[in-house]
Amino acid sequence: MRQTRKLKRKRRRRLKKGVKIFLIGFSAVLAIIMIVMFGFQLQSVKISLDLGQYTSREVKAYMDAKGIDNTLIFWLKNKIGQSTRLELLEEYNVKMLSPFAVKISGYEKELKGFIAKGGVNYYFDENGTILKISEDKIDDIPIVDGLETKELRLYEKIKVSDSKYLQSLLDVTLSIEKYKFDVKKIKINESNEVTIIIKKVQVQLGKTMNLNKKLEALNDMYSKVIQQSGILNMKYASEDGSYTLKRTQKKHTENK
């Protein structure tokens, strides 16, 4: 009987000890979770980026919109090579400045063009996603004219009545990039024909069929073209690489 009672007491002591250990462990895990969740709330973002297209406030606004609000998780994912996707950037590194602040260094995704509407500029990327809205104009990014838009919203793709017009625009913006043409404006008409404005020359590319062939030909004669003023007809790809430039007639004024 005594032995049985002793065994029961030992079992109760072990059970109590096990419960205590479990409660301590559970409390520690819960405390760690609470610290991670609420002790590393992202409040401040500093940036060091290559192109200067975005401000630290814009980067922070993007992160807020995407629910990126924990400095520790954001930093850890970057360190283990599983960085959170940021549409504004091609690649980046994160430095934790404090439990509430980080510094992001890296390379920006280059904006391809912008649409001006209501005194505001809507800048978009190669996918047609609007990544920046500003009253300011960024140098060397062409303005788009003639694209009928239905809706322009930050971090969303440009909404148009017919997607083929947007696709033609994106095809041209991506294709001209590798040639480094100094394009100031991209125009698209109701027939889905594209014209790019380079200095004082309107280059009519027409539809995007044989686009690369047309651009290669334009690149070959680029140094001569930019010295002209007029309309260069490249609507149809030429087999021999020759195209017609209709020069702008200079207006002469007579003294009376």
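J.: Account for the confidence of the model for the protein chain, with residues named and values stated.
T.: Of the residues in the protein chain, 82% have a pLDDT of 70 or more, and the chain-wide mean is 88. Mean pLDDT in the protein chain bottoms out at helix α1 (residues 2–38), which sits at 58, and peaks at strand β5 (residues 120–124), which reaches 98. When the criterion is pLDDT under 50, residues 252–256 qualifies, and its contacts beyond four places in sequence or with other chains add up to zero contacts.

J.: So what about the pairing of strand β2 (residues 89–98)? Which residues, and what values?
T.: Of the strand pairs in this sheet, β2 and strand β3 (residues 101–108) are connected by eight bridges, and their pairing is antiparallel. For serine 98, the partnering residue across the bridge sits in β3 and is alanine 101. A loop of two residues connects β2 with β3, the two strands running antiparallel in sequence.

J.: Now, about the layout of surface pockets: what can you tell me, with residues and values included?
T.: The probe, sized like a water molecule, is rolled over the atoms to show the empty space still left. If you add up the space inside the largest pocket, you get close to 510 Å³. Taken together, 22 residues form the lining of the largest pocket, with Glu110, Leu111, Asp140, Ile141 and Pro142 sitting closest to its centre. With three residues, the single largest contributor to the lining of the largest pocket is helix α4 (residues 163–177). Here the second largest pocket defines a volume of roughly 160 Å³. What lines the second largest pocket is Gly146, Leu147, Glu148, Val160, Ser161, Asp162, Tyr165, Ile188, Asn189 and Glu190. Looking at the lining of the second largest pocket residue by residue, the class counts come to four nonpolar, three polar and three charged.

The rules behind each value
Residues numbered from 1 in each chain as written. Predicted model: local features only at pLDDT ≥ 70, side-chain atom pairs only at ≥ 80, totals over all residues. Heavy atoms only, no water. pLDDT = per-residue confidence, 0-100. Helix = DSSP H or I, 4+ residues; strand = E, 2+ residues; numbered from the N terminus. Contact = heavy atoms within 4.5 Å. Pairing = 2+ DSSP bridges. 1 Å grid on protein atoms, 1.4 Å probe; cavity = no way out; pocket = protein on both sides within 12 Å on 5 of 7 lines; lining within 4 Å. Points joined across faces, edges and corners; volume = space filled by probe spheres on them. Nonpolar A, V, L, I, M, F, W, Y, C, P; charged D, E, K, R; others polar.

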